[in-house]
Structures are given as C-alpha cells and as structure tokens.
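Fold and geometry: a report
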Amino acid sequence: MIDNGVERHEDDFEQQLRAGLRPGEPPAGFADRLMQRLAEEEAAPQPKVIAMPKPRWWQPSAQKWAIAATLLAVASGGAVVERQMEQRRAERAAGEQAREQVMFALQITSEQLQHVNQKINGQQ
Amino acid sequence: MSVSLCRGGEFVDLSAGSFREIVMQHQAMVFSLARRVVTDPGLAEEVAQDVFMELHRRGTEVESGDHLKYWLRRVTMHRAIDQVRRRSARPELQGDEFVEEIHTDGAASASWQQLGLASRVESLVESLPETQRAVVTLRYQEDIDPDEIAALLNMPVATVKSHLQRALQLMRRKASVVLKEYRRD
C-alpha cells in the first residue's frame, strides 16, 4: 500500500480488515423513499413571511413627506454651516490684513525714531 | 437545482432527473459509512437520507464529481458521529474500559469464529468508540489516506494516525481474546 508516497506494508490483520469492510447496498427502495421525501418537501407550503406591522401614519404619502422634510433639513443645515465657515474665513483674512498694516506702521515709526536719534547725536 | 461548473471544467448536473442518478451512484457509499458509525441500519438510512436531502438543498455549492464525493463523505461522517453522540447516554469508551468490556463478552465468542470474514470485521469495528469507527471505516473501506481523513473529520493528521493505531491495537486484542474464549469453550 502506498501512503503519502511512502510504501507501507499492511499485515494480515489490516488486509482482512480491508477485505471485510466493503460498502454494502442500502435497504431496497432507498432512492424511492428519498425521492418521495424530496417531492413532499417541495410540495409542502413554504412558511409565510409576515411583514412587520407599521403604524397607520407611516403610509406611502407620509413617507414621501418625511423623506422630503429630512432632505430639506439636511440641505438647509448644510447651507448654514457653509455660511458660518465663509464668515470665519473673511474675518480671518481681515485680521491678517490689519496685522500687516500695524507691522508696516511700526516699521516706519521705528525708522523715523532712528533718524531723529541720529540727528540728536550729530548736534551733540 | 442548477448545473454548476467546476474549476477543472467538469460538470455536475443536479437537476431533478439527474439527482436520482447521483443518489443511485453514491447511496452504497453514503449508507455504508453511516451504517459503520451509527451501527443501526434504520438509523443509518435516516442519516443517509438526511445527507442527500441536504445535498439537494445545497446542490449549487457542489463543484465537481470529486468535490461531490468529498462533500458526501464529510457530511455523512459528521452527521453519523453527531447522531451517535446525541443518542448515546454514556460518553465515548476509552481504551481501558474497552478491554474490560471485551473480557466480559465471552458469551458471544462461541459463534464468533463461525461468522464470515465480513461479519467478524463488522463486529470488531462496531465494538470501537465512534471516532475510531469513523477513522477505520474511512481508512480501510474507502481507502482514504490519513491526510484526507484529517480534512474530512476536522482533526489533526497526528490524531487520525493515533486513532488508527489505537483502533488496530484494540481490535487485535479483541480478536485474540475472543479466540482464546472460543478455544477454552
């Protein structure tokens, strides 16, 4: 006997076991009984799927209104958020511009002070 | 039921007419496997019918002739072992308990030698615990190697080999004990 590519010798006992264990036929009419069982199963009424009861107000027209209202709420909410973000962006830009102007003014003042200081030192 | 194509291009037709042919072709294997494990012929027929019913329900999953054979063996063995465990009030026998049991089994030994080879082998296999019965049946009746038995029964190959070794040891011991009883009588 070959087992996983390795030859293995079976003793008499194993050979007798192999010879004694032969597939036996099932009782007569096995296939007929099986086919009958299948036919009965296929003919049997399938269990009904009971739909989950819905409240009366949940009618198709109400569904449409509910969906429309939800979409409107989402859209208007989105517009509000967008407007707020736009406002914040504008405020940030204005603040940045003001900061640049102040820095420029400070730079001019600093230069003038330095000029005055040089004049005073020259007179002395 | 539909017709499905396997990876290698082989067809398995599970339409209503062909299903009967499949049953006729494999009923001996399925019934014999179930019979070896559950030991009771009536229960074995019940298991075998349930296996084919499940095949009919899940036929589209079968991909080829080889896959069909593998599927039938696997489902039959699992269903048969489950059936034995459900019906058995006591746990599976261990080796030592088994030896004690066969020593008290002398009454049946007188007729044992008069049985034919098939009946003697059947008697030996039936006396094994169900997992060993399954492994021995797959190995010596179906001629399946331990690797494939391991895949069929969802167990490591080493466990399959250990079950085989143990089963052979137990059956040899039982055969020699019964033979001694017979000679003493």
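Residues numbered from 1 in each chain as written. Chains lettered and ligands numbered in written order. Predicted model: local features only at pLDDT ≥ 70, side-chain atom pairs only at ≥ 80, totals over all residues. Heavy atoms only, no water.

Turning our eyes to something else, we now look at the overall build of chain B. Assigned secondary structure in chain B consists of 9 helices and 2 strands. When the helices and strands of chain B are placed in sequence order, the string is β-β-α-α-α-α-α-α-α-α-α. Per-residue burial for chain B yields a buried fraction of 51% across its 185 residues. Taking all contacts inside chain B whose residues are at least 6 apart in sequence as the whole, residues at least 24 apart take part in 69%. Carbon together with sulfur atoms contributes 47% to the accessible area of chain B, which is approximately 8900 Å² in total. (Helix = DSSP H or I, 4+ residues; strand = E, 2+ residues; numbered from the N terminus. Buried < 20%, exposed > 50% of the residue type's maximum accessible area, 1.4 Å probe, protein only. Contact = heavy atoms within 4.5 Å. Areas by Shrake-Rupley, 256 points an atom, 1.4 Å probe, with all protein chains shown as cover.)

On to the packing of aromatic side chains. Enumeration over the complete set of coordinates arrives at 1 aromatic pair over all chains. Between the aromatic rings of F30(A) and F52(B), the centroid separation amounts to 6.1 Å while the plane-to-plane angle is 65 degrees, which identifies the pairing as edge-to-face. Here F52(B) lies in helix α2 (residues 41-57) and F30(A) lies in helix α2 (residues 30-43), a pairing that spans two chains. Residue classification places F30(A) among the buried positions, given a relative accessible area of 1%. (Phe/Tyr/Trp six-rings, centres within 6.5 Å; stacked < 30°, edge-to-face > 60°.)

Turning to unusual backbone geometry, a few remarks are in order. All names here are of chain B. Even without being a glycine, D143 presents a positive backbone phi close to 60 degrees. Here D143 lies in the loop between α7 (130-141) and α8 (146-153). In this structure D143 comes out as partly exposed when scored by relative accessible area, which is 49%. Positive phi, normally seen in glycine, also occurs at N154, with a value near 55 degrees. Positionally, N154 belongs in the loop between α8 and α9 (157-184).

All right, on to the interface of chain B and chain A then. Between chain B and chain A, the residue contacts involve 36 residues of the former and 30 residues of the latter. Taking both sides of the interface into account, the surface hidden between chain B and chain A amounts to around 3100 Å²; carbon and sulfur atoms contribute 60%. If you look at where chain B meets chain A, you find 8 residue pairs in polar contact (both at pLDDT 80 or more). Taken together, the elements giving at least two residues each to the side of chain B that touches chain A come down to α1 (16-38), α2, α6 (117-126), α7, α8 and α9 of chain B. Tallying contributions element by element places α1(B) first for the side of chain B that touches chain A, with 10 residues. (Buried area = accessible area lost by both parts, 1.4 Å probe. Polar contact = N/O pair within 3.5 Å; in protein donor to acceptor, adjacent residues only side chain to side chain.)

The next thing to look at is the packing of helix α1 (residues 12-20) of chain A against α7(B). The N-to-C vectors of α1(A) and α7(B) enclose an angle of 85 degrees; their axes lie 8 Å apart at closest approach. On the basis of the axis angle, α1(A) is roughly perpendicular to α7(B). The segment α1(A) lies against α7(B), with E14(A), L17(A) and R18(A) engaging V136(B), R139(B) and Y140(B). When grouped by side-chain class, the residues that make up the contact of α1(A) with α7(B) number 3 nonpolar, no polar and 3 charged. (Axes fitted to C-alpha atoms, helices over the stretch in contact; angles between N-to-C directions. Parallel < 35°, antiparallel > 145°, perpendicular 65-115°, else oblique. Nonpolar A, V, L, I, M, F, W, Y, C, P; charged D, E, K, R; others polar.)

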